[in-house]
Amino acid sequence: MKVNFFDLAAQYERIKREVMREVEKVCATQRFVLGENVRSLEDEVAGYSGARYGIGVASGSDALLIGLMALGVGCGDRVITTPYTFFSTAGSIARLGAVPVFADIDPRTYNIDPDWTETLLKRDWSRRIKAVLPVHLFGQPAEMSAIREIARRHGAAVIEDAAQSIGAVYKGKRAGSLADIGCFSFYPTKNLGGFGDGGMITTDRKRLADRIRMLRVHGSTRRYYHPVIGMNSRLDELQAAVLRVKLRRLDEWTEKRIRNAGLYTSLFEKEGLLGHVTPPHVEEGNVSVFNQYVVRVKKRNALKEHLAAKGIGTEIYYPVPLHLQKCFKYLGYKRGDLPRSEAAARQTLALPIYPELKDEEIRYVVSSIAGFYRSADKSSSG
Ligand SMILES: Cc1ncc(COP(=O)(O)O)c(C=O)c1O
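About the criteria used
- Residues numbered from 1 in each chain as written.
- Predicted model: local features only at pLDDT ≥ 70, side-chain atom pairs only at ≥ 80, totals over all residues.
- Heavy atoms only, no water.
- Helix = DSSP H or I, 4+ residues; strand = E, 2+ residues; numbered from the N terminus.
- Rg over C-alpha atoms; globule rule 2.2 N^0.38 Å.
- Buried < 20%, exposed > 50% of the residue type's maximum accessible area, 1.4 Å probe, protein only.
- Contact = heavy atoms within 4.5 Å.
- Areas by Shrake-Rupley, 256 points an atom, 1.4 Å probe, with all protein chains shown as cover.
- Lys, Arg positive; Asp, Glu negative; His and termini not counted.
- Charge placed at Lys NZ, Arg CZ, Asp CG, Glu CD.
- Near = heavy atom within 4 Å.
- Polar contact = N/O pair within 3.5 Å; in protein donor to acceptor, adjacent residues only side chain to side chain.
- Nonpolar A, V, L, I, M, F, W, Y, C, P; charged D, E, K, R; others polar.
- Arc of directions from axis to C-beta.
- Core = buried A, V, L, I, M, F, W, Y, C linked by side-chain atoms within 4.5 Å.
- Pairing = 2+ DSSP bridges.
- Axes fitted to C-alpha atoms, helices over the stretch in contact; angles between N-to-C directions.

Draft legend 1. Quick look at the overall build of the chain. When you go through the chain residue by residue, the secondary structure sums to twelve helices and 13 strands. Here the C-alpha atoms of the chain give a radius of gyration of 21 Å, agreeing with the 21 Å that 2.2 N^0.38 yields for 382 residues. In terms of overall dimensions, the chain has C-alpha extents of about 75 × 60 × 35 Å along its principal axes. Going through the 382 residues of the chain one by one, you find that 57% of them count as buried. Contacts in the chain between residues at least 24 apart in sequence constitute 72% of all its contacts with a sequence separation of at least 6. Only carbon and sulfur atoms are counted for the fraction: they give 50% of the accessible area of the chain, which is about 17000 Å². Of the side-chain charges in the chain, 57 are positive and 43 negative, and the distance between the mean point of each set is 3 Å.

Draft legend 2. Examining the site of the ligand more closely. In the neighbourhood of the ligand, 15 residues make up the surrounding shell, with Gly 60, Ser 61, Asp 161, Ser 185 and Lys 190 lying closest. At 2.7 Å from an oxygen atom of the ligand is found a side-chain nitrogen or oxygen belonging to Ser 185. Relative to its unbound accessible area of 380 Å², the ligand is 93% covered by the protein chains. Here the element with the most residues in the shell around the ligand is helix H3 (residues 60-70); it accounts for three residues. Grouping the amino acids of the shell around the ligand by side-chain chemistry returns four nonpolar, nine polar and two charged.

Draft legend 3. Inspection of helix H5 (residues 114-121) at higher detail. Among the residues making up H5, those that are buried are Pro 114, Thr 117, Glu 118, Leu 120 and Leu 121. For H5, the buried positions fall inside an angular range of 160° around the axis, keeping them on one side. Summarising the contacts, the buried residues of H5 are in contact with strand S2 (78-81), strand S3 (99-102), strand S4 (129-133) and helix H6 (144-153). The N-capping residue of H5, defined by a side-chain oxygen 2.9 Å from the backbone nitrogen of Asp 115, is Asp 113.

Draft legend 4. Main features of the nonpolar core. Core analysis: the biggest nonpolar cluster contains 29 residues, and Tyr 264, Phe 268, Tyr 293, Leu 351 and Ile 369 have the highest contact counts within it. The biggest single contributor to this core is helix H12 (residues 359-381), with eight residues. Among residues more than four places away in sequence, those in contact with Ile 369 are Phe 268, Leu 273, Val 277, Leu 303, Leu 307 and Leu 351. Listed in part, the 28 residues of the second largest apolar core include Leu 64, Leu 96, Ala 98 and Ala 209.

Draft legend 5. Expanded view of the environment of Arg 31. Residue position: Arg 31 is located in the loop between helix H1 (9-29) and helix H2 (36-49). Spatially, the C-alpha atoms of Arg 31 and Asp 236 are 9.1 Å apart, while their sequence positions differ by 205 residues. Here Arg 31 is in contact with Val 26 and Glu 237, once residues within four sequence places are set aside. A distance of 3.0 Å separates a polar atom in the side chain of Arg 31 from the backbone oxygen of Leu 34.

Draft legend 6. Structural view of the sheet that holds strand S10 (residues 277-278). The sheet built from three strands is open, its strands ordered S10-S12-S13 with antiparallel pairing. What marks the edges here is a single partner per strand, and that holds for S10 and strand S13 (348-351). Relative to strand S12 (residues 293-297), S10 runs antiparallel, the two being bridged by two bridges. The partner of Val 277 across the bridge, within S12, is Val 297. The strands that helix H9 (residues 250-270) touches are S10, S12 and S13; relative to S12, the one it contacts most, it runs at about 20°.

Draft legend 7. Main features of the environment of Gly 275. Note on placement: Gly 275 falls in the loop between H9 and S10. For Gly 275, a relative accessible area of 52% translates into the label exposed. Between the C-alpha atom of Gly 275 and that of Arg 244, which follows or precedes it by 31 residues, the distance is 43 Å.

Shown next, in the form of structure tokens:
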């Protein structure tokens, strides 16, 4: 048996006719940038997420960049975030000349630790902390009540990196409506993925929404008049048309991801693997949308190789925490500074979780993992 880590072909087969019909309609209009589909998708994603405004942009990375710009983050400002995330979370901060300040994670959820965040906010230089940027990693919301409360006390804004978490729920509210600004990615591997790059910013605040709309078109409200300096980051009609078709199926796909995650976890228990494999922990009151199903395992690299030999694709998210990336050397972090993120980077492995995955494929993954630990245990006792 072969189990791909990710497989978009099966999903495409099921929606092909509908998607191509919408694509043809866009082609017939020859209107490709910021048209009807983008406007409708903005309303639909905002409505879906429980936010008032949605503003389409060219990628999740741009959503973060423009979101931070809209909050007034600039040269020398500090922004607290997690080092255990995709690069662009901190890259967007640094691109603005601001300074990423890393707080370690909760080792169970892998999300930013509010206590660590508060410690940073209490430091003597903390007046320059303009914002806190939590990531809802792998599909599970960060501890937003605590983060918002701490940020409020210290006068910092909060911006959600919800790139991996459209539809995720925290205490009854969806990702994208849990802070001043929410940022989504429509990169193809995301739960709502386009046929290329795309992103969306959500907010409840009209003033911010107006500013964001301006920033995505070079800081202009009227063609060739530029009150502020922005950038070119527009969502295109073809992407929006595809995403609108997919959004109608998102809940169904999310339910399948959650079901797949439940099956993995129950099989790990049944196989007696919990001494070797720690399944994802979902906090009470949270709904994770499982953009990734990430386990913490013993002998991670050897297990990955063993699974590859069995035809099973896996991924490591993320092998190097951001405070140890070469490009952030100037920030002065060293190994050991953020030990929980460093441990996660060494010990975690993402298993296939996409909605079309079959039960027998999940069973095969789990029995292959069981086989690996059986022989590892045998050779260590022998
Ligand atoms: C946590 C996180 N933040 C930001 C991004 C950036 O999104 P994009 O690839 O659309 O620029 C991604 C996805 O790639 C992500 O996973």
